[in-house]
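Understanding the architecture of this molecule
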Amino acid sequence: MSNLDVLLLDDEPIVGKRLKPALAKVGCEVEVFQNPVEALKRIDEKFFDVVVTDISMAEVDGMQVLEHVVAKNNATKVIMITGFAMMSLAREAMEKGAFDFIAKPFKPDDLRAIIARAAEALGKPIAFEAGESA
Amino acid sequence: MASPLHLKQAKAPNAMIEAAQEKTEDAAGQGAVNTRHERARDFEEARKALLARPGFSVRAQIYLGFALVFLFTLITVIGLLMSIYEVDHKVRFLETVNQYLIEIEQARRFEKNYFLYGTNLKDGLENVSSANRILDSNKEQILSITGENVYNQMLSNLKEYEVLINRLLALGDAWDGSEAHAKEALTDEVREQGQNMISLAAELALKERQALTKTISRARRMHIYFLLALLAIMTVNSFILARRVLDRIEQYKTFAQRIASGDYTLITPKRSYRDEFTELALAVNQMVLDVEAREELLIQSHKLRAVGTLTAGVAHELNNPINNIMITGHMFLEDYESTDDEERMDMMNDVVNEANRAKAIIANLLDFARESGSQLAPLDVAEMLKDTIALASNRLKRSKINIEFSSTDKLPRVHGDSQQLRQVFLNLILNAIDASQSGGNITVTVLPADEPHYIAVKVIDYGTGIPKHILGSIFDPFFTTKSQGKGTGLGLSMSQGIITKHGGQIRVFSQEGHGTTFTVTLPVTTFPAKITEETHMSPLY
Amino acid sequence: MASIIISSDSSLTAARIAEKIAEKGGFSVVNRDILPETAQKYDVDVAQLKKALDKPAGIFGMPAKLKKQCMTYIQAVALEKLLPDNIVCYGLGAHLYAKGVSHFFKVRVLTRPEQLIKELHPAGTAPENKAEKIIAKHEKARNRWSRDVFKQDESNAGLYDLVISLNQIEEEEAVKMILETAALRQFEPMTYSINCVKEFLMAAQVKAKLVERFPDCRVRVDGENTVIHIQALKRNAKKYSAVAKEAARTVPGVKHVEVHILTDFIGQAVESNR
Ligand SMILES: Nc1ncnc2c1ncn2[C@@H]1O[C@H](COP(=O)(O)OP(=O)(O)O)[C@@H](O)[C@H]1O
Ligand SMILES: [Mg+2]
């Protein structure tokens with residue numbers, strides 16, 4: 001079983017710090033970024049199966065990251081996480097090609113479930129059963 | 001500087017701390033209710049003071065003026081009537097004297113004829129008796145003017161004359177001898193007597209005529225004086241009356257302007273008496289109280305709306321620390337076994353820090369949203385501005401607007417209500433955000449104002465600007481150019497009210513298309529150091 | 001796939017369009033067929049539920065309180081049926097309460113006036129020249145109905161993602177358009193929007209337990225928290241909040257319950273001004 005390459009971008013340091021091991025446990029290779037500009041640079045360098053990004057960030061926001069990723073490689077599944085969840089934002093994200101959209105606060109398992117679905121869709125299933133904890 | 005604030009004054013530091021504690025104990029709203037009660041008491045006091053004065057109504061003054069004029073006229077009319085009566089009396093007397101004179105003169109004519117031609121002297125006697133009759137029938141009248149002496153003199157003169165004539169008649173036609181001699185003497189006597197009588201009567205008539213002229217001219221003068229005096233009385237009275245009424249109207253005009261500018265000081269007695277305007281004062285006080293209560297509701301509702309626009313942002317902002325706590329908590333549970341103590345400590349530290357962060361976000365918002373009883377304190381404007389900007393930070397972030405804050409070092413404090421002032425700054429900042437485009441800039445500065453003892457807060461945006469034709473209306477209540485549900489049009493009018501109450505001013509400079517600068521000037525507190533310390537002790541700060 | 005919610009000025013049109021959508025797009029239908037189940041679950045008459053869906057409350061109509069109750073029950077069951085996606089729903093007023101869910105595609109279909117009149121006056125009794133008046137009156141009544149419980153006008157276009165007038169467009173065409181639009185990416189369901197429906201559903205279920213006792217209560221579910229607002233006088237606050245908590249806990253899935261008592265702000269201000 002090959003590892004799933006995940007890029008996790010959130011300007012909240014704790015998100016990266018805690019989710020990286022959480023995702024690693026289900027077989028993801030996670031790179032964490034707090035600065036969207038650096039993250040974009042990295043995305044240009046390397047293909048990620050999944051990009052998880054916060055929406056409201058200074059300088060570059062999550063929507064721009066989404067557009068950038070989609071423009072670069074359609075295969076990447078982008079998951080939006082935001083404390084700003086509302087219908088208009090959700091629709092905008094989906095329209096721009098997001099794979100899923102999840103509101104903060106969420107449980108690690110919520111994100112794992114989504115990533116598992118993304119992995120499924122990519123044909124690289126990971127070791128996580130949705131509904132494990134629910 | 002006399003503070004124009006009518007807000008609840010913190011009298012002693014202790015009282016302030018107590019008030020603050022009371023606030024933390026009980027639900028929000030207590031403070032406002034307290035102030036309301038206090039205002040009701042003020043109102044009652046003002047009412048009592050207004051009514052305690054002796055009454056002197058405008059109506060009474062009008063009646064009094066009329067009564068005065070009437071009394072004066074009455075006196076004058078009586079005076080005139082009396083002088084008319086006097087004139088009449090004198091004229092009639094003169095007539096009587098005239099008749100008397102005519103009779104006497106007729107008698108003397110007979111007398112003369114008799115001396116010349118020896119004709120009928122007897123006819124003269126008739127004239128004498130009719131003169132006597134005149135004196136007799138007009139006795140009262142003559143007596144009242146000449147007095148008894150003159151009357152008796154006249155009467156006796158007449159008698160003597162009559163006696164003399166009768167003696168002359170008795171002498172008969174004898175014209176010679178001793179008789180003639182006696183007759184000669186008698187003739188002289190008669191002539192003299194007649195002369196006397198005439199001159200007495202003429203003198204009397206002359207005197208009376210002079211008196212009459214005097215009376216008439218006096219009456220004429222009285223007319224003129226009366227007119228002048230009446231004019232004077234009426235002028236003075238209407239002047240006093242008009243001034244009284246107009247002054248009051250002027251006074252109420254200033255009251256109205258004062259109330260319109262947001263100064264809700266109750267009307268207290270200024271004069272020593274009570275009148276119709278007292279009723280008006282009471283009504284105005286009642287109105288001020290009602291307006292104030294309603295304004296409080298409006299301010300609260302506007303504030304809630306501002307809070308609404310903020311809470312959307314703040315709620316989202318809260319999601320970040322909560323998310324951090326949630327993730328950390330779940331991972332803590334999940335990996336408890338496999339993590340070492342250090343890691344666990346780290347996780348729990350994160351949880352505590354994030355909880356504190358959430359608390360701070362909420363505290364800032366709640367502090368603003370709390371229904372406020374006014375609390376006056378020396379305030380650090382720069383700190384307040386920082387708090388306010390923090391409160392709006394989410395809106396700013398969402399609209400991608402950059403805010404720059406600068407302040408001069410060691411600015412003196414201002415004396416005021418921190419909640420209300422923060423509300424003003426928030427209004428200005430939210431307006432600036434609304435006017436700016438995504439990616440725009442807003443500058444907030446606080447610096448000493450041009451006038452001494454004032455500081456100035458400037459909120460500058462580089463957005464749409466305000467068109468000239470609406471510049472005059474932006475401070476009007478309910479004036480808004482924003483769509484329904486977005487603008488209430490109360491922000492600036494409320495802000496102006498608050499700043500005026502604080503003895504400051506709010507000014508706007510705008511160029512359409514280039515941006516807008518709102519400048520708030522506030523008087524600095526004159527005795528900073530001492531109270532400052534006390535404030536830090538109060539749990540509110 | 002999105003779920004489609006159809007609203008129309010004519011209930012027959014809504015039904016026809018929805019059925020065609022179901023047939024062409026492979027959607028399952030949710031309509032008034034859920035009423036018997038609702039009636040049974042909450043122990044009310046089907047007739048009453050129907051009336052609540054059709055008639056404004058009023059002195060001669062249904063008591064406002066009863067209407068609120070019925071609508072809450074309908075809402076609770078309808079949302080449950082809307083939980084899976086790929087649903088087409090009509091006739092249940094869902095456009096008024098299923099708001100803010102990004103994968104609910106809400107469509108308003110406007111019937112041709114002549115057809116609407118035919119429906120409103122089946123026997124052709126409609127006076128020729130009064131058509132406009134009849135339609136205006138109908139619309140007014142519908143708005144009154146929607147304002148009753150949901151405080152908004154049903155005819156407000158802002159409520160919908162798409163408004164189609166059948167005046168110049170054939171029904172077949174309209175159905176095609178609706179299906180095409182519903183297939184757009186922005187109406188795709190996602191974790192967030194599905195969670196929204198779940199929260200709405202739980203809120204409606206909790207409210208259904210409370211509405212008889214507290215007709216004006218508001219319930220919001222946010223994650224694992226259920227927040228209830230009740231209007232009451234201060235002195236009843238404790239008692240009511242215990243009652244509400246108890247009732248809410250009977251709903252499966254409810255974990256934390258928070259009850260807020262709203263004291264009448266204006267009323268209080270008036271009182272303290274006396
Ligand atoms: N910084 C600004 N730039 C441009 N226009 C402004 C600014 N501040 C206020 N205005 C104008 O003044 C009006 C009144 O403002 P306000 O009293 O705060 O009410 P509201 O913000 O609710 O409309 C606004 O509708 C807007 O037209
Ligand atoms: Mg404003």
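Numbering of residues starts from 1 in every chain and runs along the sequence as written. Chains carry letters from A onward and ligands carry numbers from 1 onward, assigned in written order. Reporting in this predicted model follows two pLDDT cut-offs: at least 70 for local features of residues, and 80 or more for side-chain atom pairs to be given and counted; totals over whole chains, interfaces and linings ignore these cut-offs and use all residues. Based on all heavy atoms of the structure, the side-chain values leave hydrogens and waters out of the count.

Let us look at the overall build of chain C. Helix numbers and strand numbers start at the N terminus; a helix is a DSSP run of H or I with at least 4 residues, a strand a run of E with at least 2. Along its length, chain C carries 11 helices and 8 strands. In chain C, which comprises 274 residues, the share counted as buried stands at 47%. The contact criterion used is simple: two residues touch if any of their non-hydrogen atoms lie within 4.5 Å. Residue pairs at least 24 apart in sequence account for 69% of intrachain contacts in chain C once pairs closer than 6 positions are excluded. Note on areas: Shrake-Rupley with a 1.4 Å probe; residue coverage comes only from the protein chains shown. In the structure as shown, chain C presents an accessible area of about 14000 Å², 52% of it carried by carbon and sulfur atoms. Think of it in three bands: with a 1.4 Å probe and only protein chains considered, a residue is buried below 20% of the maximum accessible area for its type, exposed above 50%, and partly exposed in between.

We now examine the overall build of chain B. Across its full length, chain B carries 13 helices and 7 strands. Out of the 541 residues in chain B, the part that is buried amounts to 43%. If you take every contact in chain B between residues at least 6 apart in sequence, the share linking residues at least 24 apart comes to 77%. As displayed, chain B has an accessible area near 29500 Å², and 58% of this comes from carbon and sulfur atoms.

Another aspect to go through is the interface of chain B and chain A. At the junction of the two partners, chain B supplies 23 residues and chain A supplies 21 residues. In this description, buried area is defined as the sum, over both parts, of the accessible area (probe of 1.4 Å) that is lost when the two are combined. Its largest share of buried area at the contact with chain A, chain B owes to His 316, Asn 323 and Ile 327 of chain B, together 24% of the area lost on that side. Just to be clear on terms, a salt bridge is a Lys or Arg side-chain nitrogen sitting within 4 Å of an Asp or Glu carboxyl oxygen. The interface formed by chain B and chain A includes 10 salt bridges. Here Arg 18 of chain A ties to Asp 346 of chain B by a salt bridge, and the two come within 2.9 Å at their closest N and O atoms. Pairs of N or O atoms within 3.5 Å make up the polar contacts considered here, provided that, within protein, one atom can donate a hydrogen while the other can accept it, and that residues adjacent in sequence are counted only when both atoms are side-chain atoms. Summed over the shared surface of chain B and chain A, the result is 14 residue pairs in polar contact (both at pLDDT 80 or more). For the side of chain B that touches chain A, the secondary-structure elements that each account for two or more residues are helix H7 (276-334), helix H8 (341-369) and helix H9 (381-398) of chain B. Counting residues per element, the side of chain B that touches chain A draws most heavily on H7 of chain B, which supplies 12 residues. Under the convention adopted here, Pro, Cys and the residues Ala, Val, Leu, Ile, Met, Phe, Trp and Tyr are nonpolar, Asp, Glu, Lys and Arg are charged, and Gly plus all remaining residues are polar. Broken down by class, the residue content of the side of chain B that touches chain A amounts to 5 nonpolar, 8 polar and 10 charged.

All names here are of chain B. Its location among the elements puts Ser 57 in the loop between helix H2 (30-52) and helix H3 (58-117). What makes Ser 57 partly exposed here is its relative accessible area of 21%. C-alpha separation for the pair Ser 57 and Phe 277, spaced 220 residues apart in sequence, amounts to 8.4 Å. With near-sequence residues (within four places) excluded, Ser 57 lies in contact with Arg 244, Arg 274, Asp 275 and Glu 276. From its side chain, Ser 57 meets the backbone nitrogen of Ala 60 in a polar contact 3.0 Å long.

Below, the discussion takes up the packing of helix H2 (residues 35-42) of chain C against helix H4 (residues 64-81) of chain C. Each pair of packed helices can be described by the angle between their axes along with the distance between the axes. Residue and element names in this part refer to chain C. Helix axes use the C-alpha atoms of the stretch in contact, all axes being lines fitted to C-alpha atoms, and the angles between their N-to-C directions lie in the range 0 to 180 degrees. Across the interface, H2 lies against H4 with an axial gap of 10 Å and an inter-helix angle of 125°. In terms of orientation, H2 lies oblique with respect to H4. Crossing hand, H2 versus H4: right-handed. Packed against H2, whose contacting residues are Leu 35, Glu 37, Thr 38, Lys 41 and Tyr 42, the element H4 presents Tyr 73, Ile 74, Ala 76, Val 77, Glu 80 and Lys 81 at the interface. Residue composition of the contact of H2 with H4, by class: 6 nonpolar, 1 polar and 4 charged. For classification purposes, angles smaller than 35 degrees are called roughly parallel, those larger than 145 roughly antiparallel, those between 65 and 115 roughly perpendicular, and all remaining angles oblique. Helix crossings get a hand from a simple test, with the near helix turned counterclockwise from the far one by less than a right angle marking a left-handed crossing and a clockwise turn marking a right-handed one.

Bringing the nonpolar core into the picture now. Grouped together as the largest cluster of nonpolar side chains are 67 residues, with contacts concentrated most on Met 80 and Phe 101 of chain A together with Leu 92 of chain C. Non-local contacts of Leu 92 of chain C, meaning those with residues more than four positions away in its chain, are made with Val 30, Asn 31, Arg 32, Ile 34, Leu 35, Leu 53, Met 71, Ile 74, Ala 78 and Tyr 97 of chain C. Definition of nonpolar core: a set of buried residues of the types Ala, Val, Leu, Ile, Met, Phe, Trp, Tyr and Cys, connected through side-chain atoms within 4.5 Å.

With that out of the way, let us pick up the site of ligand 1. Residue and element names in this part refer to chain B. As a matter of local geometry, ligand 1 sits amid 19 residues, with Thr 480, Thr 481, Lys 482, Thr 488 and Leu 492 nearest to it. Thr 480 places a side-chain nitrogen or oxygen 2.5 Å from an oxygen atom of ligand 1. The contact in question runs from an oxygen atom of ligand 1 to an N or O atom on the backbone of Gly 489, over 2.8 Å. Alone, ligand 1 offers 530 Å² of accessible surface; in the complex the protein occludes 95% of this. Put simply, the parts of the chain that give the shell around ligand 1 at least two residues each are helix H10 (418-435), helix H12 (491-501) and strand S7 (515-523). Throughout, the term near means that a residue has one or more heavy atoms lying within 4 Å of the molecule or strand in question.

At 3.6 residues per turn, the α-helix brings residues three or four places apart onto the same side. Multiply 1.5 Å by the residue count of a helix minus one, and that product is the helix's expected span. For H3 of chain B, spanning 60 residues, the distance from its first C-alpha to its last is 87 Å, which sits close to the expected 88 Å at 1.5 Å a residue. At the exit of H3 of chain B stands Gly 118 of chain B, carrying a positive phi of roughly 70°.

Attention now moves to the pattern of salt bridges. In the structure shown here, the tally under the stated rule is 53 salt bridges over all chains. With a closest N to O distance of 4.0 Å, Arg 507 of chain B and Glu 451 of chain B form a salt bridge. Taken together, the residues Arg 507 of chain B in strand S6 (residues 505-511) and Glu 451 of chain B in the loop between strand S4 (441-448) and strand S5 (454-461) connect sequence positions 56 residues apart. Take Glu 451 of chain B: its relative accessible area is 33%, and that puts it in the partly exposed class. In this structure, Lys 67 of chain C engages Asp 148 of chain C in a salt bridge whose closest nitrogen and oxygen atoms are separated by 3.0 Å. Linking Lys 67 of chain C in helix H4 with Asp 148 of chain C in helix H7 (residues 131-150), this pair joins segments that are 81 residues apart in sequence. With relative accessibility at 1%, the residue Lys 67 of chain C sits in the buried group. Accessibility expressed as a relative area gives 24% for Asp 148 of chain C, which makes it partly exposed. Salt bridges linked by common partners bring Asp 5, Glu 31, Arg 42, Glu 45 and Lys 46 of chain A together as one network.

Here the focus is the side chain of Glu 354 of chain B. By secondary structure assignment, the location of Glu 354 of chain B is in helix H8. With a relative accessible area of 10%, Glu 354 of chain B lands in the buried category. Residues within four places of Glu 354 of chain B in sequence aside, it is in contact with Glu 12 and Ile 14 of chain A together with Asn 320, Pro 321, Asn 324 and Ile 325 of chain B.

This part covers a nonpolar patch on the surface. Among the surface-exposed residues, Phe 70, Leu 74, Ile 78 and Met 82 of chain B lie close enough to one another that they form a single nonpolar patch of about 420 Å² accessible area. Take Met 82 of chain B: it is sitting in helix H3. Nonpolar side chains (Val, Leu, Ile, Met, Phe, Trp, Tyr) within 5 Å and like charges within 9 Å form the patches, drawn only from residues with over 30% relative accessible area and no salt bridge.

Moving on to the sheet that holds strand S7 (residues 225-231) of chain C. All names here are of chain C. We treat two strands as partners when DSSP finds at least two bridges between them. Strand order in the open sheet formed by 3 strands is S6-S7-S8, with mixed pairing between adjacent strands. With one partner strand each, in any of the chains shown, strand S6 (218-222) and strand S8 (256-262) form the two edges of the open sheet. With strand direction ignored, the average angle separating the axes of adjacent strands in the sheet is 20°. Across the sheet, helix H9 (residues 191-210) touches S6 and S7, and the angle it forms with S6 is around 145°.

By convention, a stacked pair of Phe, Tyr or Trp rings (six-membered ring in the case of Trp) has centres within 6.5 Å and planes under 30 degrees apart, an edge-to-face pair has planes over 60 apart, and any other such pair is tilted. Under the counting rule described, the total for this entry stands at 11 aromatic pairs over all chains. Summarising the aromatic geometry, the rings of Phe 56 of chain B and Tyr 273 of chain B are spaced 5.8 Å apart at their centres and angled 80° between planes, so their arrangement reads as edge-to-face. Of this pair, Phe 56 of chain B sits in the loop between H2 and H3 while Tyr 273 of chain B sits in the loop between helix H6 (177-260) and H7, and the two are 217 residues apart along the sequence. Classification of Phe 56 of chain B by relative accessible area gives partly exposed; the value is 30%. Taken together, the ring pairs connect Tyr 252, Phe 255 and Phe 277 of chain B into an aromatic cluster. We call a charge positioned over a ring when the NZ of a Lys or the CZ of an Arg lies within 6 Å of the ring centre and within 35 degrees of the ring normal. Taking the ring centre of Tyr 336 of chain B as reference, the NZ or CZ of Arg 344 of chain B above it sits at 4.0 Å. Across the ring face of Trp 145 of chain C, the terminal group of Arg 142 of chain C is positioned such that the distance to the ring centre comes to 4.3 Å.

The subject of this paragraph is the environment of Gly 27 of chain A. Residues and elements named next belong to chain A. Position of Gly 27 relative to the elements: it lies in the loop between helix H1 (13-24) and strand S2 (28-33). Since its relative accessible area comes to 17%, Gly 27 is described here as buried. Between the C-alpha atom of Gly 27 and that of Ala 127, which follows or precedes it by 100 residues, the distance is 6.5 Å. If we skip the residues at most four places from it in the chain, Gly 27 touches Asn 3, Leu 4 and Ile 126.

Worth remembering: the numbers are spatial, not functional.
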